[in-house]
Amino acid sequence: MAESKSTPITAELYDYVLRHNPPLDPVLRELVEVTHRDLPGQAGMQSAEEQAPLLAFLVRLTGARHIVEVGTFTGFSALAMAQALPADGRLIACDVSEEWTAYGRKAWAKAGVEARIDLRIAPALDTLRAMPAEPHIDLAYLDADKPNYIPYWEELVPRMNPGGLIVADNVFYHGSVTASAPSAAGAAIQEFNDHVAADVRMETVMLTVADGLTLARRLG
Ligand SMILES: C[S@@+](CC[C@H](N)C(=O)[O-])C[C@H]1O[C@@H](n2cnc3c(N)ncnc32)[C@H](O)[C@@H]1O
């Protein structure tokens, strides 16, 4: 087995990382607090705090103007990305829950970025299939139901502009990707990771960020 050079992330080191990242702005911070207060059973679905500045960084680094998010929940990652978009940039947010995304709508309005976010309440596969088939997406964030990750990927890849970036969350699925008998979601992520690694249309790296994050860039 290869020897890891990764430093284990202790609670102290994690705090240290957060303290050396750009702080969450007050609306993002309030959204974290409100999600944990009102939805304690689901709050674990929210992207990790350090992913907000990372996603914003990637939006600015790529100069993205057209973003698609698959899996919005209470709107945390969508808000972080929308704030990094130029004023005429657009983010299509896909989710099935009116209840959870209502928190997002409120926060997006409070942050003044609601005009940049087009929330589509429907199964995300339907929303993706209704989009133009030609390349037009600069950045996609994949963070919804795990059994559909491969179908989402297959809808997204041909729609990505050359150099466009797909960011896929939870690619460790809490470590279960190395299990011999994983849960259905864990098995779906195992298959997704193999599928992505074999896709010659994309240049891909898997990062040890939070629950595992894959970055994939459209070639050509
Ligand atoms: C992990 S959460 C997203 C977290 C969000 N990115 C954030 O940072 O707060 C997954 C979301 O996917 C949504 N979802 C599950 N199945 C879906 C489907 N078939 N189509 C669209 N959204 C779906 C759920 O309603 C849930 O809000």
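Residues numbered from 1 in each chain as written. Predicted model: local features only at pLDDT ≥ 70, side-chain atom pairs only at ≥ 80, totals over all residues. Heavy atoms only, no water.

### Thoughts on the packing of helix α3 (residues 51-62) against helix α4 (residues 76-84)
Between two packed helices, the angle of one axis relative to the other and the distance separating the axes together describe the packing. Between α3 and α4, the shortest axis-to-axis distance is 8 Å and the interhelical angle comes to 35°. α3 and α4 meet at a crossing whose hand is right-handed. On the side of α3, the interface is formed by Ala-52, Leu-55, Ala-56, Val-59 and Arg-60, while α4 contributes Phe-76, Ser-77, Ala-80, Met-81 and Ala-84. (Axes fitted to C-alpha atoms, helices over the stretch in contact; angles between N-to-C directions. Helix = DSSP H or I, 4+ residues; strand = E, 2+ residues; numbered from the N terminus. Left-handed = near helix turned anticlockwise from the far one by under 90°. Contact = heavy atoms within 4.5 Å.)

### Focus on the side chain of Asp-95
By the secondary structure assignment, Asp-95 is in strand β2 (residues 90-95). The charged side chain of Asp-95 is buried without a salt bridge, its nearest counter-charge being Arg-105 at 10 Å. Within the structure, the side chain of Asp-95 is placed 2.8 Å from the backbone nitrogen of Thr-72, a separation counted as a polar contact. Polar side-chain contacts of Asp-95 include one of 2.9 Å to the backbone nitrogen of Phe-73. Other than its neighbours up to four places away in sequence, Asp-95 contacts Gly-71, Thr-72, Phe-73, Thr-101, Arg-120, Ile-121 and Ala-122. (Buried < 20%, exposed > 50% of the residue type's maximum accessible area, 1.4 Å probe, protein only. Lys, Arg positive; Asp, Glu negative; His and termini not counted. Salt bridge = Lys/Arg side-chain N within 4 Å of Asp/Glu carboxyl O. Polar contact = N/O pair within 3.5 Å; in protein donor to acceptor, adjacent residues only side chain to side chain.)

### A few points about unusual backbone geometry
Not every positive phi belongs to a glycine, and His-174 is a case in point at roughly 60°. Examined against the element boundaries, His-174 turns out to sit in the loop between β5 (160-169) and α8 (184-197). Of note, Ala-210 is a non-glycine position whose phi angle comes to about 50°, a positive value.

### Let's talk about the packing of aromatic side chains
For any two aromatic rings, the description comes down to two numbers: the centre-to-centre distance and the angle of the planes. The full count for this structure, using the stated rule, is three aromatic pairs. Summarising the aromatic geometry, the rings of Phe-73 and Trp-100 are spaced 5.2 Å apart at their centres and angled 80° between planes, so their arrangement reads as edge-to-face. Of this pair, Phe-73 sits in the loop between β1 (66-70) and α4 while Trp-100 is found in helix α5 (residues 98-111), placing the two residues 27 residues apart along the sequence. For Phe-73, a relative accessible area of 7% gives the class buried. With a relative accessible area of 23%, Trp-100 lands in the partly exposed category. Their ring planes at 80° and their centres at 5.0 Å tell us that Tyr-149 and Phe-192 sit as a pair that is edge-to-face. Here Tyr-149, found in helix α7 (residues 149-156), pairs with Phe-192, found in helix α8; they are 43 residues apart in sequence, far enough to count as distant. You can call Tyr-149 buried: its relative accessible area is 0%. With a relative accessible area of 0%, Phe-192 lands in the buried category. Three or more aromatic residues joined by ring pairs make a cluster, and in this case those are Tyr-149, Trp-153 and Phe-192. (Phe/Tyr/Trp six-rings, centres within 6.5 Å; stacked < 30°, edge-to-face > 60°.)

Remember that the coordinates give geometry; whether it matters functionally is a separate question.
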